[in-house]
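Listed below, chain by chain, are the residues.
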Amino acid sequence: MSYPFAEIEKKWQRRWEEAGVFRATAEPGAKKFYLLEMFPYPSGRIHMGHVRNYTIGDVLARYRMAQGCRLLHPMGFDAFGQPAENAAIKKGVDPAEWTMDCVRQMRVELKRLGISYDWDREVVTCQPDYYRWNQWIFLKMFEKGLAYRAKAPVNWCPSCQTTLANEEVVQEGCWRCHTPVEPKQLEQWFLKITAYSEELLEDLKQLADWPERVVTMQRNWIGRSEGVEIWFTVKETGERLPVFTTRPDTIFGATYVVVAPEHPLAEKLIRGRPEETKIRAFIQQAIRQSKQDRTAEGVKKEGVFTGGYAVNPVNGETIPIWVADYVLMEYGTGAIMAVPAHDQRDFLFAREHQLPIRVVIQPPQEKTQRGQTPEGQTPAGNSLNWKEAFEGEGAQINSAQFDGLPSVEGKSKIAAWMEEKEMGKRVVQWRLRDWLISRQRYWGTPIPMIYCGVCGVVPVPENQLPVTLPPKAPITGEGGSPLAKVKEFVDVPCPRCRKPARRETDTMATFFDSSWYCLRFCAPKETRLPFDPKETAYWMPVDQYIGGIEHAILHLLYSRFFTKFLRDQGLLKLDEPFSRLLTQGMVLKDGEVMSKSRGNVVDPDGVIARSGADALRMFILFAAPPEDQLEWNDNAIEGINRFLNKVWDLVENVAAVRPEPIEGRTDRESELRRLTHAAIKRVTDDLESFKLNTAISALMELRNAIEKNIAGGISPAAREAMEALLQLLSPFAPHFSEELWERLGQKQWLCRSRWPVYDANLLAQKEVTLIIQVNGKVRSRLTVPAGLSADELKKKVLADPAVTRWLDGKTPRDVIVVPNRLVNVVA
């Protein structure tokens, strides 16, 4: 018979809430712990991914609270975004009403899990008391020149009818709806995140407790490259064509120039040429491809000759200008010099299109350049018989006055020479680009700017914030921003000259909302500023942050940027928002991500109704390490239920034993105490290192040890072990543990008790049992004092009667002691 989980869970959730057990209060001088999971988008129901994320967080939060930390563990809702507009279009509902209905539903479901949230600190980002501070931060960025408007090519999602940041384009499609993204020129608002490029890169060194994978992803996205901007000249027009290279030592080997399909020069060069239509079709096709596909290794690189030529400034040579898909406008200058002998992509492209290859770096131990003309250049027929480019270090050849120099030295000397001769300049390039935040949506934070025919672009005065969304807007999914169609919203007087003006009708990307929400949780009722600097000084940084790896670049990078900006405004005294990061794996069923379309969704509410929240929590923590994917198993949760029921039965047997001082007990009691304190140490160590599944294994082993021990009679040691088991179990199954703690007669609630501390003196084992083999077959078991040396063990083994009988007077050839207490006697 199962324990009464439904009754127990409701009882303790009610008690915790009424007593304000998890209400966070700062206490100057006291150790604090701020634990935060990435808050959810309110889609209406929680799913197993939510359960996993928030249960992992709750275990760690309850553990830190039991250690005596002042705990801040808040929850809120990332409530702006496209799904609410989609619901408005499909169902004719108001986005605000739909969103808040979803918030209410998800709040109820999260509370059913018994998570230790301080619900008094809840924030909902679509509420004006939150997004007014989005607008305030934007205006501060505008004052500092970090928010600006510019016409630029943008990623356009024709389905969502909005622009997307580069980071929001995934495999050619919109990150949300997967519709193929198209290029479009629009006047947009950007945040100058590139002003912090150096610091964002350098401060990655501070993130020692982040997964290396995430740090690497951010480092690569920021993408710092030292090199030279070389000034080629377009032969036909004399126009300067800057190219960026990290290999100035190979400049004499450039045999063609490549520009990105988006480069404005491409349009100039092809205009009026016979091949114009064909080349333009190629350009449009290339632009539609994802940047990942265009630059991926192993993918054939495509390109066409523009008909134009460039002049290499170092030797006056005229070389063709091509447009190719593997060059990106976002990196460098959007144009490269192609050196096929020393760059593999250029090499493959040159082979494909019969372009010349000139060797200018001689590989070590290679005396001649095989298959080359005396000038070091192969003709268009590509007779050079190399199978791949040589990208390593060697000696300069075919490089004029630099011949014979080691290429490492040649790199710096050629760069200095080009600067001296005004052929180029040494520069640092970044892959990171400014953050496009404009969205043509209704359901987002209105950008607080006004356009006046007299005064130009005018910020909304702070005393007029928030600029709120009009309650009714024609949301049809067609034709850009719905706000542009609301006359009473658009038409306003200019704040400066009072003449007729119009509001900005774009709204902010929702990642703006989540870039600073961790700060708002520190003081969610603050009305003078986005957050109270005194409260953030106490609670920040977040000590433990938990969320999906999919946010490694988007949300996490933007949050780091906001923290540094707000620090520079004197509001914060820290460089990084998140000290420690855990990225949990996804929950699968039948090897696939759970989704309605696949029909493999497991409803958390259904599992809670059948088995209880504690059983669900424990299964989802036990099934796999937090960082790994988790395969849902309907049968495995029954195993967790059996474990909990066995613990329940144990308490009934142990509850009658009163706790007493434990001294001079029997060997049986001493062994149970040793096992109890070993379990305390193991679970504590596992929680520190996120090994939640093995921590649960340790709890199961301790339960088994208690059950085995009490078979010989209930002892005070069993009572101590049972209490320790419930304390260790409480972060994983809090309702269950709290109820049994009370049934043991404890007056103080378990959630307010201190975490048990193991006694190192009890961990030493007094005796060990050896399994003895003779010629590989088990012949005996021998109990000996712990800590014997190998020689002492051998003597004990050889004196064992069973061993002497099997040896029958023979001298063994060897006695092998295996570390796992196995001894093999080789006769």
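Above this text is the structure in question.
The structure contained in this document is the topic of the report that follows. Everything numeric here is computed off the predicted structure, so don't read it as measured data. (Residues numbered from 1 in each chain as written. Predicted model: local features only at pLDDT ≥ 70, side-chain atom pairs only at ≥ 80, totals over all residues. Heavy atoms only, no water.)

Concerning the pairing of strand S22 (residues 500–503)
Looking at chain direction, strand S19 (residues 449–452) and S22 are connected through three bridges and run antiparallel. By the bridge assignment, Tyr451 is partnered in S22 with Arg502. The pairing of strand S21 (residues 491–493) with S22 spans three bridges and is antiparallel. The partner of Val492 across the bridge, within S22, is Ala501. The hairpin turn running from S21 into S22, its antiparallel successor, is six residues long, and Arg498 in that turn takes a positive phi close to 70°. (Pairing = 2+ DSSP bridges. Helix = DSSP H or I, 4+ residues; strand = E, 2+ residues; numbered from the N terminus.)

Concerning the nonpolar core
Side chains of nonpolar character tend, in soluble globular proteins, to be buried together. Grouped together as the largest cluster of nonpolar side chains are 189 residues, with contacts concentrated most on Tyr34, Met48, Phe138, Leu191, Trp435, Met722 and Phe732. Filtering out sequence-adjacent residues up to four positions away, Phe138 remains in contact with Ala147, Trp189, Leu191, Ile437, Ile447, Pro448, Met449, Met508 and Phe512. Membership of the second largest hydrophobic core comes to 58 residues, among which are Leu269, Ala335, Ala350 and Trp386. (Core = buried A, V, L, I, M, F, W, Y, C linked by side-chain atoms within 4.5 Å. Buried < 20%, exposed > 50% of the residue type's maximum accessible area, 1.4 Å probe, protein only. Contact = heavy atoms within 4.5 Å.)

Here's the deal with the sheet that holds strand S26 (residues 587–589)
Strand order in the open sheet made by the three strands is S27-S26-S28, with mixed pairing throughout. Looking at which strands have only one partner, the edges of the open sheet turn out to be strand S27 (592–593) and strand S28 (630–631). The pairing of S26 with S28 spans two bridges and is classified as parallel. Residue Val587 lies in a different strand from S28, and its bridge partner there is Leu630.

Some points on the side chain of Ser197
Examined against the element boundaries, Ser197 turns out to sit in helix H6 (residues 197–202). For Ser197, the contacting residues outside a window of four places in its chain are Ile222, Trp430 and Leu432.

Regarding the pattern of salt bridges
What the rule picks out here adds up to 51 salt bridges. One salt bridge connects Arg45 with Glu109, and the closest N-O pair in it is separated by 2.6 Å. Of this pair, Arg45 sits in the loop between strand S1 (32–37) and helix H2 (48–66) while Glu109 sits in helix H4 (residues 95–112), and the two are 64 residues apart along the sequence. Its salt-bridge partner being Arg426, residue Glu419 comes within 2.9 Å of it at the nearest N-O pair. Looking at Glu419, the relative accessible area reads 30%, which means it is partly exposed. We classify Arg426 as partly exposed; its relative accessible area is 44%. What emerges from the salt-bridge pattern is a single network uniting Glu199, Asp203, Arg560, Lys564, Arg567, Asp568, Asp575 and Glu576. (Salt bridge = Lys/Arg side-chain N within 4 Å of Asp/Glu carboxyl O.)

Observations concerning the environment of Gly316
Within the secondary structure, Gly316 is located in the loop between strand S11 (303–311) and strand S12 (318–324). On the basis of relative accessibility, which here comes to 46%, the residue Gly316 falls in the partly exposed class.

Section: empty space enclosed by the protein
Applying the stated rule across the entire model yields three cavities of 30 Å³ or more. Quantified by volume, the largest cavity comes out at close to 140 Å³. What lines the largest cavity is a set of 15 residues, among which Arg62, Ala66, Ser730, Leu750 and Cys751 lie closest to the centre. Where the lining of the largest cavity is concerned, the elements lending two or more residues are H2 and helix H24 (734–743). For the lining of the largest cavity, the element with the most residues is H2, which contributes three residues. When the residues that make up the lining of the largest cavity are grouped by side-chain class, the tally is nine nonpolar, three polar and three charged. (1 Å grid on protein atoms, 1.4 Å probe; cavity = no way out; pocket = protein on both sides within 12 Å on 5 of 7 lines; lining within 4 Å. Points joined across faces, edges and corners; volume = space filled by probe spheres on them. Nonpolar A, V, L, I, M, F, W, Y, C, P; charged D, E, K, R; others polar.)

A word on the packing of helix H21 (residues 667–688) against helix H22 (residues 692–710)
Direction vectors running N to C along H21 and H22 enclose 170°, while the axes themselves pass 9 Å from each other. When the axes of H21 and H22 are compared, the pair comes out roughly antiparallel. Here H21 contributes Arg668, Glu669, Leu672, Leu675, Thr676, Ala679, Arg682, Val683, Asp686 and Leu687 to the contact with H22, which in turn contributes Leu692, Thr694, Ala695, Ser697, Ala698, Leu699, Glu701, Leu702, Ala705, Ile706 and Asn709. (Axes fitted to C-alpha atoms, helices over the stretch in contact; angles between N-to-C directions. Parallel < 35°, antiparallel > 145°, perpendicular 65-115°, else oblique.)

Some remarks on the environment of Arg598
For Arg598, the position within the fold is in the loop between S27 and helix H18 (604–611). Residues contacting Arg598, with those up to four places away along its chain left out, are Glu592 and Val593.

Here we look at the packing of aromatic side chains
Applying the stated criterion across every chain, the model contains 39 aromatic pairs. Seen in terms of ring centroids, Trp12 and Trp16 are 6.5 Å apart; in terms of plane orientation they differ by 40°. Their pairing is tilted. Of this pair, Trp12 and Trp16 both sit in helix H1 (residues 5–19), four residues apart, which is roughly one turn of the helix. Taking relative accessible area as the criterion, Trp16 reaches 4% and is therefore assigned buried. Taken together, a centroid distance of 5.5 Å and an interplanar angle of 85° make the contact between Trp12 and Trp749 edge-to-face. Of the two residues, Trp12 is situated in helix H1 and Trp749 in the loop between H24 and strand S29 (767–774); the sequence distance between them amounts to 737 residues. There is no split in this pair, since Trp12 and Trp749 are both buried. Members of the aromatic cluster, each reached through a chain of ring pairs, are Tyr196, Trp435, Phe511, Phe512, Tyr558, Phe561 and Phe562. Lying across the ring of Trp12, Arg15 places its NZ or CZ 4.7 Å from the centre. (Phe/Tyr/Trp six-rings, centres within 6.5 Å; stacked < 30°, edge-to-face > 60°. Lys NZ or Arg CZ within 6 Å of the ring centre and 35° of its normal.)

Notes on the sheet that holds strand S20 (residues 456–459)
Ordered in space as S20-S19-S22-S21, the four strands form an open sheet in which the pairing is antiparallel. Each end of this open sheet is capped by a strand with a single partner; those strands are S20 and S21. Each strand axis lies, on average, 40° off the axis of its neighbour in the sheet, ignoring direction.

Considerations on the packing of H22 against helix H23 (residues 716–729)
It is at 10 Å that the axes of H22 and H23 come closest, and there the two elements cross at 160°. When the axes of H22 and H23 are compared, the pair comes out roughly antiparallel. For the pair H22 and H23, the crossing hand works out as left-handed. Across the interface between the two elements, Leu699, Leu702, Arg703, Ile706, Asn709 and Ile710 from H22 touch Ala718, Ala721, Met722, Leu725, Leu728 and Leu729 from H23. Classifying every residue of the contact of H22 with H23 gives 10 nonpolar, one polar and one charged. (Left-handed = near helix turned anticlockwise from the far one by under 90°.)

Don't take any of this as a statement about function, it's just geometry.
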